[in-house]
Structure formats: C-alpha cells, structure tokens
Number of protein chains: 2
Amino acid sequence: MSAASAPHRLLVRDLAQVATPAGTDAPLRGSALGQTEVIEDAYVLCEDGRIGAVGRMRDLERLDGDVDELDGRGKSAIPGLVDCHTHACFAGDRVDEFAMRARGASYEELHAAGGGILSTVRATRAADEEGLREAVRRHLGWMRRSGSTTVEAKSGYGLDRETELASLRAIRSEGAVPTWLGAHGVPPESDDADAYLDFALAEVLPEAARLAEAADIFLERGAFDAGQARRYLDACRDAGLALRLHGDQFTESGAIPLAIELGARSVDHLETTGEGGVSALAGSDVVGVLLPASALFLGRPMPPARALIDAGAGVALATDFNPGSAFCESLPLVCSLAATQLRMGVEEALAACTVNAAHVLGRAERKGRIAVGYDADLVLLDASDWRYLAYHLGGEIVAETIVGGHRG
Amino acid sequence: MSAASAPHRLLVRDLAQVATPAGTDAPLRGSALGQTEVIEDAYVLCEDGRIGAVGRMRDLERLDGDVDELDGRGKSAIPGLVDCHTHACFAGDRVDEFAMRARGASYEELHAAGGGILSTVRATRAADEEGLREAVRRHLGWMRRSGSTTVEAKSGYGLDRETELASLRAIRSEGAVPTWLGAHGVPPESDDADAYLDFALAEVLPEAARLAEAADIFLERGAFDAGQARRYLDACRDAGLALRLHGDQFTESGAIPLAIELGARSVDHLETTGEGGVSALAGSDVVGVLLPASALFLGRPMPPARALIDAGAGVALATDFNPGSAFCESLPLVCSLAATQLRMGVEEALAACTVNAAHVLGRAERKGRIAVGYDADLVLLDASDWRYLAYHLGGEIVAETIVGGHRG
C-alpha cells in the first residue's frame, strides 16, 4: 500500500552477511530445511515496513530522497525471529519450585503436590488486567532483546472466564499473537475435566474466539485425554480458531493422530514421540514444534528432531517461555540447543525459528525471510558470521532488532 | 592499605536481597556447599575497594562525608562471579567446526582431521601481541557483562615460545589470572609429545614461571599421558607454579591420582570420572572443576557432580570459555546447567562459582563472598530473588557489576 507522503526508508548497509531461509515455500521440510541463502557484503533496504530490496553492496543503486542509514559493518542480518510457542501472560514466578527441582523433586511430583501450573493460576487470577499487560510487556521486551520480533502468547493461567479473556486482551494489546489455551489444566474449583470443558466451551469460547487466532490444549496424563481434546478442539474449530496441541511431553497420549485428524497447525513438545508418531507426522501437514529449552529446564529427554526431519516432517523451534518449565525467552539459546542437543544443522535451526514458525502462526507469506515484499523485521547479530546465532552459547549476540523497518 | 585522602565509598542501598556463601572456609564441601546467607532489604557499603559493612537497611548507620549511592530496589546482590577455567586468549573462531559437528561429526573426528585445537593454534600464532590483547579484552568484556569479576585465562594456543609468552603477557595486562597451559597439545612442527615437552620445559617455562601463577596440562588420549604430565607438572612446581590438570574429559587417563599425588589445586572436566575417581577426589584437597557448558556444547555426558558433592569432594563451576568446545562466557548459564543437568542446588551452584572457584585461584581470602574485608566485587541481579541467577535460563540477568567498589 503506497502512501501519499514520502515513504519511510531505512538502508542497512555494509553488512558482513545477510542470511535467510531460501525459497518461498512454507513449511520447509527435509533437505530444503537446511538451505540458507547467504549474501556477503550486503545491504537491506526497508521501505514502508516491507523489504524493498536486498543484495550485494556493489549492486546497490543510488537512492534519491530521504533514507535513514544504519552501518552494518561487522554485523550479520537474519530475519526477525518468530517465537511460535510461549506462555508470556502470567503473574508471579516459580523460582521456589525451580530450586526444589534442582535438589531432586520431579515436575510431576511438584505438580501433584499443588505446585505446577495451578500455583501460577492463583497468582494470575490475583493480578488485574493492567498487571497482566505489564507482565506481557516486560516479557515481550525480554524477547525483543533476544531477537524475537513476532511472538505468539497463550492464555491458560486464568482458567476462569474473566482471567482468560483479560489475558487474551492483554496479549493482543501488547502486539503478540493470541492463542486461547483454555484447556491448560483443570482449575481447582472444578469437579472434573469434562465439567470444566463444558463451562469453558459454553462461557468462554464465544468471546475467546473473537480475541484469539488459535486454540490450544494440554493433552497429557493428569490434564486432558484425547477424547476431551477432540471435543474441545472441534468446538474451537467450529468457532473459527486454528488448532494447536501440547502433545507427547511426558507420555504419548494420542496427540499426533488427533492433530492430523483435525487438521491442526501444530503439535508441540514431542519429547516422548516414538517411531510411529514420527512417521505419522511426516506424512501430514501438521508441524512439530520442538521446545528444547523446556526439555533442558526439566532435565527431560530431547525430542527426536533428527528423526522427524529425516522422515520429512515439518518442524519449528520455540522457547516455550513460561514460569514453570522453561523460564527462557531466548531463541538464540534454543538454536544453540538445537545444534548441540537435537543434531540439527545451524541452517535448519534458523529456518525452524523463522519461516516454519511463521507458518505455524499463519504468517509465512510476510514473516520469516529477508526477501522483497516480506515485512522488514530483521535481527542484526554482533558477529560477521550469522552462525554465531547458535555458536555463541549464552552470549549477547543480538546487536539490534528492526521491526517493520524501524530500529528497535 | 589506607590512603591519606578521604576513602572512596559506595553504598548500595535498598537491595531486595544480599546472598553470599556462608562461613569463612574454602573450599566449601558437603552440606556446607549449600549454605547461603541471605539478607533481605539490605545494603552493602564498599570502602576503598573492600566491603566495609553489609546488613539490613534498618541497621544502616548514618554515614558522614562523601558517599556515592546506588539504588538497589528490585535487585539482589551476589558476590562477583569467579571464572576459574577459561581459554580466553585466542584468535579466530571455530564456527565452521561447530556447524560441522551440529550435522554429526564428533569432536575427536574433527580433531583427528586437523581441526580442533591446532586450527586455533594457527590463527593465534598469526596474531601479534596487540591482537591477542584485544581478543582477551573483548572476551573479558563479555565475561564482565555476564557477572564475572575475577577470571582465570590460560595460554595454550601458541605452543611455541613467542606466542605462549605473548599470550601470558596479554592475559596479565588485561587483568586476568594467568595460567600457562604449555601442554595443551603437541604442535604440528614437533616430532612427538616428549620432544615438545623437552622444548617447552627448557625454553618456555623459565619465563612462563615469571608471568603465570599456575601451570596446566591436557591429560588425554591423543594429547599427553600420565607420565608426561608428571614430568611437566613436576618441573612447573619446581619453578614455583601452582598446578592444574585437564582430566577425565573423554577418557579416564589417571588425572585424579596424579593431581592428588602432586598436590594440584584442581583437576578439571571429569565428564568420564567413575566411582573410584569420585572416592579418591573426595578424600583429597584437590578441587574438581566442573564445566557443564563444555559438555553441553559437545553433546557429551555431564560430570558426576552429585556423586562428587555427596562424597565430600570440593567442586567448582567454570565456563571453559574457548572457541572449540565451549564458546560460552556466561557463568549464569553455567549455574542454570548446574541446577538442571548436574542436580546441584542453586545454593551449591553459587558457592561453586564464587568462593570455591576463588580457592582454585588462590584468592579465597579476598574473593567470592560478600563479607567485611573481602574485595568489593558484586553482581547486581535484575531480580529481587537472587536465585534467578540460575532460574532465568539464558536471560539478561546481570543488571550491573561492581569491581573493587567501582561501578562497572
């Protein structure tokens, strides 16, 4: 869309490298996942929020009119990172539980003992909507500093009408992509899972469907079973929401077949997925969202990333940022974990947290690549080789983020 | 040492918490390792580079004369972190090797193929001394931002007289604690390990002993065996150096018995240490330095931290910062790994990278605690609970560092 006034332009020049997932498909699978296009001694021209041109400095044509310039010497540019799985809307923390687990208690033990998700539900219900907005803003600020320019955020720490809807409003108002995780757990005041789902679908879904883009459920022993998940997701789909599932985190409970049957966008976690699940996912259009920071945080096995990719499944990487099982907002750290723990190439990791994550959020036509026409969301890395994204483990690798052509 | 002029004073006030390893011993062992003293609503008064007072705000007495003040609201203070094992003096990087390993090549395969340490030796020899100083300065800057205020740095990427001595001078001039790792590997121009050690001990040690505080050796299949290590370390001890050993990283090759026999300060790595090694170390004064970022980076097993601590061994944590096997300068991330991968309590992790690490560097009387008379080296964490140090995985947790009573 062209404006009558002069367009805003930002030229990022003299970059050591520009690196982007190649091609135009989404999600990238198999060998295409590892195809990264790298331009050395490069520029990126942002025009009115989109990428207007990208290429080698020697091919840069003279620009007339006003252009802001940004010196990229010694830096490399990658697409703004896309975090497609976070629980960024919560109050309080779970540092006590973390310290207990470090001394030996298991996640399921802590959950059974009344810690776990429900302790965050108590804190989140006690916050008001402005408090939730502040929390989301703080967390998104951390993510932005780590290079994430598009972030999904789920509700799910309310589990009552008021707090679930306040969470979705807070997420929307802070610019994140809202997912209604109305079935994150059964709240303490409810008799059982089915009764809670009756309530949630009757009383919360109608308004949640106007606020959220997708629905999600925690399909796991102790939370919701496959039959309950089918009922919840069917209703959410009928209300116009895209579908996501938490599945195979602690037990294989049927999430992958259900995700495929319902045409879900993704099934997320997969730490316990076996060969059958790998094959099924590879034969479908459902993306497997891998969350290695969560597996690390809980001291759990890593998901079978290599098997999934080699079988041809679409995979994405995300942080799972949340206070209990992954207090980690850093996609660069997730890329380091992918390269060291998931046997993913650095190029595969980049595609998994850019274009493939954008696909999970229904945004792959505009997000996740540095190519003409895409949104001008960039991360400038403080390294002349873009692969420091994964190589510099725990380092402050992000020099600057650019969102919609504006410095961040 | 008191000056004639008024002392420089810095008051850090209204801190949510001050947390420090308890007691006065070093190294801390067994249950003492997990004893952290926490003061809520606290202040720390720094006077002429030392800690002059620490306590609760309500007990703060009126201060006459000039005092700089720092608002600690919402923050917690821990001792400046001590990184007792780094290879911070090198040129170049190993990002190509990292990317190859991510796609499946093993560390030993890359080493055997002419990558590994020797590729960094080539790059480091090609740098001049000013280039090495700049590299050390850049790396120490990264470490300081991550909260490390005392850092050991090893030579070992020269393996010739000129570059080894230039490395030690660069390390000293930038304020790190220098260790001569003259036996990091056998250089390409040498016929064999014994011939190289003959050269190093005759031609490099006399000057290295004037520049370094300790000597270190890589005792490992493919590098140096126990007999060679004994000869090298005996000579270094005779020249006045404290002793360190890299041991049990890939194979148990006798490092622990040798370290005990020679009275070494530490034996570092221990990823492959078995029950016998654990028992032996626990019965000795040698500290086990654990490097979980290295194990993570290489996708290797973690060292048996819990067994060592429970058996009564002294343990420290360090980054192992180096370009090949741990491109990671972050002790906060190491603490997260300790809590999630090593089954160490957060309190144990804190002691292991403060007072116990200071002991390995012969500095435990001045470094590693927030207590009257200790050096005024502090880290202010961007959290009101100090345990976010380990809990906030990959987060930008360090708000500010204070070194010798001066803001960073």
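A brief look at the structure comes next.

What counts, and at which threshold
Residues numbered from 1 in each chain as written. Chains lettered and ligands numbered in written order. Predicted model: local features only at pLDDT ≥ 70, side-chain atom pairs only at ≥ 80, totals over all residues. Heavy atoms only, no water. Helix = DSSP H or I, 4+ residues; strand = E, 2+ residues; numbered from the N terminus. Buried < 20%, exposed > 50% of the residue type's maximum accessible area, 1.4 Å probe, protein only. Axes fitted to C-alpha atoms, helices over the stretch in contact; angles between N-to-C directions. Parallel < 35°, antiparallel > 145°, perpendicular 65-115°, else oblique. Contact = heavy atoms within 4.5 Å. Nonpolar A, V, L, I, M, F, W, Y, C, P; charged D, E, K, R; others polar. Least-squares fit on C-alpha atoms with pLDDT ≥ 70 in both. Pairing = 2+ DSSP bridges. Left-handed = near helix turned anticlockwise from the far one by under 90°. Buried area = accessible area lost by both parts, 1.4 Å probe. Salt bridge = Lys/Arg side-chain N within 4 Å of Asp/Glu carboxyl O. Polar contact = N/O pair within 3.5 Å; in protein donor to acceptor, adjacent residues only side chain to side chain.

### Overview of unusual backbone geometry
All names here are of chain A.
Then, in step 1: The linkage connecting A26 with the following residue, P27, adopts the cis geometry, with an omega of -10°.
Then, in step 2: Mapped onto the fold, P27 is located in the loop between β1 (9–21) and β2 (36–47).
Then, in step 3: Here D14, not a glycine, exhibits a phi torsion of approximately 60°, which is positive.
Then, in step 4: Within the secondary structure, D14 is located in strand β1.
Then, in step 5: Look at D14 and you get partly exposed, because its relative accessible area is 25%.
Then, in step 6: A positive phi angle, close to 50°, is found at D41, a residue other than glycine.

### Description of the packing of helix α6 (residues 193–211) of chain B against helix α7 (residues 226–238) of chain B
All names here are of chain B.
Then, in step 1: It is the contact of α6 with α7, at a shortest axis distance of 11 Å, that shows an interaxial angle of 5°. One way to sum up the angle between α6 and α7 is to call them roughly parallel. Touching A193, D194, L197, D198, L201 and L205 of α6 are Q228, R231, Y232, A235 and C236, all from α7.
Then, in step 2: Taken together, the residues of the contact of α6 with α7 sort by class into 7 nonpolar, 1 polar and 3 charged.

### What about the relation of the copies chain A and chain B?
The relation between the two chain copies is a rotation about an axis coupled with a shift along that axis.
Then, in step 1: Each copy superposes on the other: chain A lies on chain B with an RMSD of 0.0 Å after a rotation of 180° and an axial shift of 0.0 Å. Here the symmetry operator amounts to a two-fold rotation axis. Nearest to the rotation axis, the C-alpha of A:G394 is located 2.9 Å from it, this being the minimum over chain A.
Then, in step 2: When you check the interface residues of chain A against chain B, 100% turn up at the interface there too, and the contact is symmetric in its surfaces.

### What to know about the sheet that holds strand β12 (residues 287–290) of chain B
Residues and elements named next belong to chain B.
Then, in step 1: Here 8 strands make up an open sheet; going across it, the order is β6-β7-β8-β9-β10-β11-β12-β13 and the pairing parallel. Looking at the sheet topology across the chains shown, the edges are occupied by β6 (81–83) and β13 (315–317). Ignoring which end each strand starts from, the neighbouring axes of this sheet average 25° apart.
Then, in step 2: The sheet strands contacting helix α8 (residues 255–262) are β10 (242–247) and β11 (266–269), and the helix crosses β10 at an angle near 175°.
Then, in step 3: Relative to the sheet, helix α12 (residues 331–341) contacts β6, β7 (148–154) and β13, its axis offset from that of β6 by approximately 90°.

### Examining the packing of helix α5 (residues 161–173) of chain B against α6(B)
Residues and elements named next belong to chain B.
Then, in step 1: The contact between α5 and α6 brings their axes to 10 Å, and the two run at 15°. With respect to their mutual orientation, α5 and α6 come out roughly parallel. Considering the relative orientation of α5 and α6, their crossing is right-handed. Contacts from R161, E164, L165, L168, R169 and R172 in α5 reach F199, E203, V204, E207, A208, R210 and L211 in α6.
Then, in step 2: Looking at the contact of α5 with α6, its residues break down into 6 nonpolar, no polar and 7 charged.

### Considerations on the environment of A:C89
Then, in step 1: Take A:C89: it is sitting in the loop between β6 (81–83) and α1 (95–102).
Then, in step 2: A sequence separation of 121 residues divides A:C89 from A:R210, and the C-alpha atoms of the two residues are 18 Å apart.

### Observations concerning the interface of chain A and chain B
Then, in step 1: Chain A puts 39 residues into the contact, and the matching count from chain B is 39 residues.
Then, in step 2: Overall, the association of chain A and chain B removes approximately 3,600 Å² of surface from exposure, summing both partners, and the carbon and sulfur fraction of that is 61%.
Then, in step 3: Of all residues in chain A, A:Y391, A:L393 and A:E396 bury the most surface against chain B, accounting for 21% of the area lost on that side.
Then, in step 4: At the surface where chain A touches chain B, the tally comes to 6 salt bridges.
Then, in step 5: Residues A:E347 and B:R103 are paired through a salt bridge, measuring 3.8 Å at the closest nitrogen-oxygen approach.
Then, in step 6: For the pair chain A and chain B, the interface holds 16 residue pairs in polar contact (both at pLDDT 80 or more).
Then, in step 7: Put simply, the parts of the chain that give the side of chain A that touches chain B at least two residues each are α1, α4 (129–145), α10 (292–298), α12 (331–341), α13 (346–352) and α15 (388–391) of chain A.
Then, in step 8: In terms of residue class, the side of chain A that touches chain B is made up of 20 nonpolar, 8 polar and 11 charged.

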